[in-house]
Amino acid sequence: MHLEGSCHCGKVRFRCQAYAPVPYQHCYCSICRKTAGGSGSAVNLGARADTLEVEGREHVAIYRARIRDDEGRHRLSSGRRHFCKHCGSALWLFDPEWPELVHPHASAIDTPLPRAVERVHMLLDSKANWVEVPDGRGDVHLDGYPDESLEDWHRRHGQLDENGAA
């Protein structure tokens, strides 16, 4: 699926081809909550990195989160969170450990997105205590990460063709 996105102030516009365009995975980790603002529940989509085209790249900054391990030590995340350095809009995440992928933030996408038949609320073990998570039909709650990848979820719900294309 062809996606087009932008930041709030309009200085950055981007487009890409998404293989996993359904915004079903809501992340409540402290990194998403603090970098995307609000209650968290950042929603990332899956796209092919070689299709990413950016207008206004000079207005893009990158943040790499510090992640604390079980022993209290910190390491720098390999994930690079791209955002507009003027308005702060979260745009996409790229991780060189998976160089073929880019993960646009659904909140930055201007293209109408498919509706999710299921919402996976993940990393609830680190959500803020004041956040109320929807708990209705189709809501799945996980303290950690799901076992299923973005691609596998899309495939299970008939959102990918046999070649893995959206």
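Residues numbered from 1 in each chain as written. Predicted model: local features only at pLDDT ≥ 70, side-chain atom pairs only at ≥ 80, totals over all residues. Heavy atoms only, no water.

Draft legend 1. The arrangement of the pattern of salt bridges in detail. Across all of its chains, the model carries nine salt bridges by this definition. Arg73 is paired through a salt bridge with Asp69; the nearest N and O atoms lie 3.3 Å apart. Using a relative accessible area of 52% as the deciding quantity, one classes Arg73 as exposed. Owing to a relative accessible area of 28%, Asp69 belongs among the partly exposed residues under this scheme. Asp152 is the partner of Arg155 in a salt bridge, and the nearest nitrogen-oxygen pair spans 3.9 Å. With a gap of three residues between them, Arg155 and Asp152 both fall in helix H2 (residues 150–156), about one helical turn apart. Salt bridges sharing partners connect three or more residues here, namely Arg15, Glu53 and Glu55. (Salt bridge = Lys/Arg side-chain N within 4 Å of Asp/Glu carboxyl O. Buried < 20%, exposed > 50% of the residue type's maximum accessible area, 1.4 Å probe, protein only. Helix = DSSP H or I, 4+ residues; strand = E, 2+ residues; numbered from the N terminus.)

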